[in-house]
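Coordinate analysis (summary)
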Amino acid sequence: MLYQQVCFLGLGYIGLPTATLVASKGIKVLGVDINPLVVDTINRGAIHFIEPGLEPLVKQVVSKLNLRAATEPESSQVYLIVVPTPFKGDHEPDISFVSSATEKIIPLLKKGDLYIIESTSPVGTTEKMAQMIFQQRPELRGQIAIAYCPERVLPGNVIHELVYNDRVIGGIDAQSTEAACSFYQTFVEGKLHKTNARTAEMCKLTENASRDVQIAFANELSLICDKAGINVWELIELANKHPRVNILQPGCGVGGHCIAVDPWFIVSDYPMESRLIGKAREINNYKAFWSAEKIQNEMLKFRLEKGRPPKVAIMGLAFKPNIDDLRESPAKYIAQKVMQSVNDEAMYIVEPNIESHQVFKLTPYLEAYEQADIVAFLVNHKEFQELIYDEKKIILDFCGTFKI
Ligand code: SAJ
């Protein structure tokens, strides 16, 4: 094998599983994270977030000494940048984590090395990092490979998708693309598609923007149907019987750290050209706001009609079904907004995938469902699908639990 020593910068949701997979091929992997707690956890063979199947693999590669974690990088043959790219200010991409991780490894680079960015990045980031590297190390021009290769794995199914998904690999030149391909060949069974760095960067943003636009269409339909007195779930099912129609499912908004974030990277750089992409973001954000208002209105109506405050259950806080991840979660936003308007109503907040929360007092889902007068389903967790529809309750089904 060409590459025997690999250094991952960033041991999060993507960095750790990828580092573990590479280490499972017998390659010596150093995982670097700025958080010493993360480093300690991994060196104990444990993990700091939930991902099915990951923990036993980490345990295995750590005990075989193929994966080791540290807070500082060391000399390697391959460097992978897998750090977050959040946004700052008015939805502008913040690539400072990518820059600072790159700065750290510049003194370590040598002829023949391979530098890869996997972090979701605005178009032109790989070229920018290449410039930064060659400004400080001009002797390395043409001597190292630099490429962009986005990850495309679905949280909850990461281990499988890391191996079997196709990958798009774009170098700053043809040799860089080839070098990066030979690295990914060691652990990816999906096809490797070669392109240039800018196209690979845009490809990642396009994939998530495409899904966002499609979900926005479903969410827009749900608003129309609510007004028109039509069951949106039935409507979509029927429309999807057409051989060339495939509408996604509406929800209480779009969350997570990818689909709700990445489209802004396009809008921020190309505002005049990306009107549909920007509008889809607005529609999906508005759906969360609308859902919160809908719950608040039902609470008010109940009080006026029954002359007493309602008991309200908020079902789900995660950003999508069957995970414990609350980042950028529309359900969490809705729960917060509804809680702000609470006077003497009893609130039951439910999230079966976490044990406790700093802000919300959690209630078991069966108890909440039984007690509440108004039940708002925000996330379609598998536990909720076992509940039996109770027509005496006011059910607000934002995510298709009962499809009403
Ligand atoms: N959602 C809907 N309706 C749907 C499908 C999803 O409202 O029909 C919502 C979910 O509830 C959630 C959000 O969209 O709030 C995003 O969930 P998701 O499961 O569609 O995607 P993520 O964010 O977990 O992962 C995405 C994936 N991208 C695509 O499917 C194009 C994944 O492959 C990427 O690797 C990941 O983003 C990433 O890291 O970029």
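Everything below is about the structure shown above.
Described in the following lines is the structure provided in the data block. (Residues numbered from 1 in each chain as written. Predicted model: local features only at pLDDT ≥ 70, side-chain atom pairs only at ≥ 80, totals over all residues. Heavy atoms only, no water.)

Turning next to the overall build of the protein. For the protein, the count of helices and strands is 13 helices and 14 strands. What you see for the protein is a C-alpha radius of gyration of 24 Å, in line with the 22 Å of a compact globule of 404 residues. Over its C-alpha atoms, taken along the principal directions, the protein stretches across nearly 80 × 50 × 40 Å. Residues classed as buried in the protein amount to 54% of the 404 residues present. The protein carries 42 positive and 49 negative side-chain charges, and their two centres are separated by 2 Å. (Helix = DSSP H or I, 4+ residues; strand = E, 2+ residues; numbered from the N terminus. Rg over C-alpha atoms; globule rule 2.2 N^0.38 Å. Buried < 20%, exposed > 50% of the residue type's maximum accessible area, 1.4 Å probe, protein only. Lys, Arg positive; Asp, Glu negative; His and termini not counted. Charge placed at Lys NZ, Arg CZ, Asp CG, Glu CD.)

Neighbouring residues of the ligand: 20 residues in total, closest Val153, Lys204, Asn208, Arg211 and Phe319. Within the side chain of Lys204, an N or O atom sits 2.5 Å from an oxygen atom of the ligand. A distance of 2.7 Å separates an oxygen atom of the ligand from a polar side-chain atom of Asn208. In isolation the ligand offers 770 Å² of accessible surface; the protein chains occlude 85% of this area. When residues in the shell around the ligand are grouped by element, the largest group, 5 residues, is from helix 8 (residues 197-228). The class makeup of the residues in the shell around the ligand is 9 nonpolar, 4 polar and 7 charged. No fewer than three residues from each of domain 1 (5-196) and domain 2 (229-397) sit in the shell around the ligand. (Near = heavy atom within 4 Å. Polar contact = N/O pair within 3.5 Å; in protein donor to acceptor, adjacent residues only side chain to side chain. Areas by Shrake-Rupley, 256 points an atom, 1.4 Å probe, with all protein chains shown as cover. Nonpolar A, V, L, I, M, F, W, Y, C, P; charged D, E, K, R; others polar. Domains from an automatic or database assignment.)

Quick look at the side chain of Asp113 now. For Asp113, the position within the fold is in the loop between helix 4 (96-105) and strand 7 (114-117). Of note is the side chain of Asp113, whose polar atom sits 2.9 Å from the backbone nitrogen of Lys110. In contact with Asp113, not counting residues within four places along its chain, are Ser76, Gln77, Tyr79, Leu108, Gln143, Ile144 and Ala145. (Contact = heavy atoms within 4.5 Å.)

Our focus in this paragraph is the pairing of strand 1 (residues 5-9). Extensive coverage of strand 1 is indicated by the burial of 4 of its 5 residues. Two strands pair when backbone bridges link them, and strand 1 and strand 2 (residues 28-32) are joined in this way by 5 bridges, in the parallel orientation. By the bridge assignment, Gln5 is partnered in strand 2 with Lys28. (Pairing = 2+ DSSP bridges.)

On to the sheet that holds strand 13 (residues 374-377), then. If you walk across this open sheet you meet the 4 strands as 12-11-13-14, and the pairing is parallel. The outermost strands of the open sheet, each flanked by one partner alone, are strand 12 (346-350) and strand 14 (394-397). Shown here is a sheet whose adjacent strand axes are inclined to one another by a mean of 15 degrees, direction ignored. The sheet contact formed by strand 11 (residues 311-315) and strand 12 spans 5 bridges and is parallel. Bridge assignment links Ala313 to a residue of strand 12, and that residue is Tyr348. Contacting strand 11, strand 13 and strand 14, helix 11 (residues 275-306) runs over the sheet at an angle of about 170 degrees to strand 14. (Axes fitted to C-alpha atoms, helices over the stretch in contact; angles between N-to-C directions.)

In this section: the environment of Leu21. Positionally, Leu21 belongs in helix 1 (residues 15-23). For the pair formed by Leu21 and Leu54, sequence separation is 33 residues and the distance between their alpha carbons is 9.4 Å. Once you skip the residues sitting within four places of it in the chain, Leu21 turns out to touch Leu162, Val163 and Phe187.

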